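Take a look at the letters that make up each chain.
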Amino acid sequence: MSDENVDVLVIGAGPSGCVAASYLQKSGCVIKVVEKSKFPRFVIGESLLPRCMDHFEETGLLDCLKAQNFEVKEGARFIKGKEVCDFDFSKKHTEGWNWTWQVPRADFDIVLVNELIERGVDITLEQEVIDVIFNDDGTSITTIKTKEGQINTIGAKYIIDSSGYGRVLPRLLNLEKPSELLNQSSIFAHVKDVKRPEGWEGTRITFDVIDTRTWFWVIPFSNGTTSIGFVGSTEFIESFTGNSTKKLADMLKLSDYYHDRFEGVDFLFHPVEIKNYSKSVTNLYGKGYVLTGNSAEFLDPVFSSGVTFATESALLAAKLITKELQNIPVNWEVEYADYIKKGVNVFATYVKEWYTGNLQKIFFHKPENPEIKKQICAVLAGYVWDETNPFVKNHHRLVKTVAHIIDMEKGKSE
Ligand SMILES: Cc1cc2nc3c(=O)[nH]c(=O)nc-3n(C[C@H](O)[C@H](O)[C@H](O)COP(=O)(O)OP(=O)(O)OC[C@H]3O[C@@H](n4cnc5c(N)ncnc54)[C@H](O)[C@@H]3O)c2cc1C
């Protein structure tokens with residue numbers, strides 16, 4: 001016997017958990033969200049993609065977010081020395097949102113949680129899932145520890161694991177598998193952006209390419225602070241010595257474009273390091289559970305796909321569970337795993353080809369090919385399921401082929 005019984009238990013109240021909970025509540029399911037942290041809490045993942053606006057809209061979470069006046073993101077700029085490649089989401093192959101936001105996640109995530117609490121969703125903060133036992137029929141009993149150390153149990157027909165890097169079910173059920181991506185690591189902080197230039201230049205999200213494996217992000221927020229971070233091979237990140245403040249300050253010298261703007265600025269907290277951040281799993285679902293967001297998979301921050309993947313997978317998981325609760329059969333392999341893997345595989349190709357240098361070659365090639373740019377722009381906006389886009393449908397081949405053509409043209413002209 002458990003202390004409480006629900007249709008669906010959602011683990012974690014990040015964007016993934018909140019989108020799932022919002023959809024399930026609207027469809028009349030009895031749900032509970034259990035979240036380990038006290039909110040607001042810091043989490044990285046601040047540059048969103050237009051595609052996630054569809055998810056917030058569909059789950060009724062868009063208006064509460066719009067009211068916050070977060071910094072609007074209308075594209076993304078990549079720079080490499082003097083070369084620039086600027087994507088504008090209004091010029092993309094796939095129909096859809098042309099903008100999204102750059103958000104301090106502590107502020108963003110608490111807006112979602114407060115909205116759900118206001119709507120009467122049962123969310124408990126500062127309670128940690130420490131164990132789950134599944135019965136043969138897929139129902140489960142979850143053990144929760146409160147911050148006072150009290151133990152409670154919850155019975156559920158389904159569990160949505162949206163626990164991010166907590167990776168509750170991957171750990172408990174031994175589902176973790178090594179990522180196929182390179183070992184990359186990151187160090188980042190927020191700064192008071194006191195030398196921020198006026199206008200567009202000051203607010204534009206930018207990725208400054210230091211070398212093929214190493215890049216620097218600048219994500220300005222509407223509150224005057226800016227997120228900055230370096231990404232590089234784990235060996236590169238580990239080659240810097242001292243505490244994390246010294247390491248990040250030393251790395252900043254590598255950015256010709258931004259060094260002056262951020263020289264000597266105060267970090268608002270000790271820079272955070274995450275090593276070997278890419279994660280994967282053997283199964284995305286099982287009897288009585290489904291993994292969403294980072295708990296399922298995390299590729300790489302270079303195309304800001306994390307939150308969008310988290311909300312895409314959460315919304316789909318919530319829809320399929322609702323169907324099953326209405327006794328409509330669901331083929332989880334086809335309707336969930338295949339669909340999610342399709343999108344993940346497109347992004348995975350782009351991440352891999354970024355670090356081989358092929359994609360960087362295409363981004364910085366001049367003159368630009370406007371049609372190719374529109375098609376790649378749709379991928380960068382998160383519309384990675386649109387098979388009318390050749391850069392989605394033929395992602396395995398096309399990036400390599402175009403990079404090869406650029407090489408051949410260059411060879412001829414030399
Ligand atoms: C260096 C770096 C940069 C990134 N930059 C971007 C970016 O620019 N844009 C982007 O979209 N993504 C980015 N990401 C990815 C992004 O951080 C995640 O994809 C996103 O936060 C996933 O959302 P989520 O809801 O799955 O998990 P989270 O937002 O991490 O939420 C999970 C929640 O589960 C809770 N939890 C954990 N364990 C338990 C437990 N045992 N019991 C109860 N609750 C628990 C946690 O407290 C947390 O609140 C970046 C990642 C890295 C590593």
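Keep in mind that this is a model prediction, so the values were computed, not measured.

Asker: Tell me about the side chain of glutamine 102, and name the residues and values.
Answerer: Tracing the sequence through the fold places glutamine 102 in strand 6 (residues 100-102). One polar contact links the side chain of glutamine 102 to the main-chain carbonyl oxygen of threonine 203, over a distance of 3.3 Å. With near-sequence residues (within four places) excluded, glutamine 102 lies in contact with Glu46, Phe70, Glu71, Val72, Lys73, Thr203, Ile205, Ile219, Pro220 and Phe221.

Asker: Explain the site of the ligand to me, and be specific about the residues and the numbers.
Answerer: Among the 39 residues in the neighbourhood of the ligand, the closest are listed as Glu35, Ile44, Ser47, Asn294 and Val307. At 2.6 Å from an oxygen atom of the ligand is found a side-chain nitrogen or oxygen belonging to glutamate 35. A distance of 3.3 Å separates an oxygen atom of the ligand from a polar atom in the backbone of serine 304. Computed on the free molecule, the ligand has an accessible area of 1,000 Å², of which 96% lies beneath the protein chains in the complex. Looking at the shell around the ligand, the elements with two or more residues in it are helix 1 (15-26), strand 8 (127-134), strand 12 (184-192) and helix 10 (306-325). For the shell around the ligand, a count of residues per class yields 17 nonpolar, 16 polar and six charged. For the shell around the ligand, the domains that each give at least three residues are domain 1 (4-73 + 94-178 + 279-343) and domain 2 (184-274).

Asker: Give me the pairing of strand 14 (residues 214-220): which residues, what numbers.
Answerer: Here strand 14 lies mainly inside the structure; seven of its seven residues are buried. Residues Thr214, Phe216, Val218 and Pro220 line one face of strand 14 and the alternating positions Trp215, Trp217 and Ile219 line the opposite face, and both faces are buried. One ladder, built from five bridges, connects strand 13 (residues 206-211) with strand 14; its direction is antiparallel. Residue pairing across strands places aspartate 211 opposite threonine 214, the latter belonging to strand 14. Here strand 13 folds back onto strand 14, and the loop between the two strands holds two residues. Two elements, strand 14 and strand 15 (residues 225-233), share six bridges in a ladder whose sense is antiparallel. Bridge pairing in strand 15 links proline 220 to threonine 226. Between strand 14 and the antiparallel strand that follows it, strand 15, lie four residues; glycine 224 among them carries a positive phi value of about 90°.

Calculation notes
- Residues numbered from 1 in each chain as written.
- Predicted model: local features only at pLDDT ≥ 70, side-chain atom pairs only at ≥ 80, totals over all residues.
- Heavy atoms only, no water.
- Helix = DSSP H or I, 4+ residues; strand = E, 2+ residues; numbered from the N terminus.
- Polar contact = N/O pair within 3.5 Å; in protein donor to acceptor, adjacent residues only side chain to side chain.
- Contact = heavy atoms within 4.5 Å.
- Near = heavy atom within 4 Å.
- Areas by Shrake-Rupley, 256 points an atom, 1.4 Å probe, with all protein chains shown as cover.
- Nonpolar A, V, L, I, M, F, W, Y, C, P; charged D, E, K, R; others polar.
- Domains from an automatic or database assignment.
- Buried < 20%, exposed > 50% of the residue type's maximum accessible area, 1.4 Å probe, protein only.
- Pairing = 2+ DSSP bridges.

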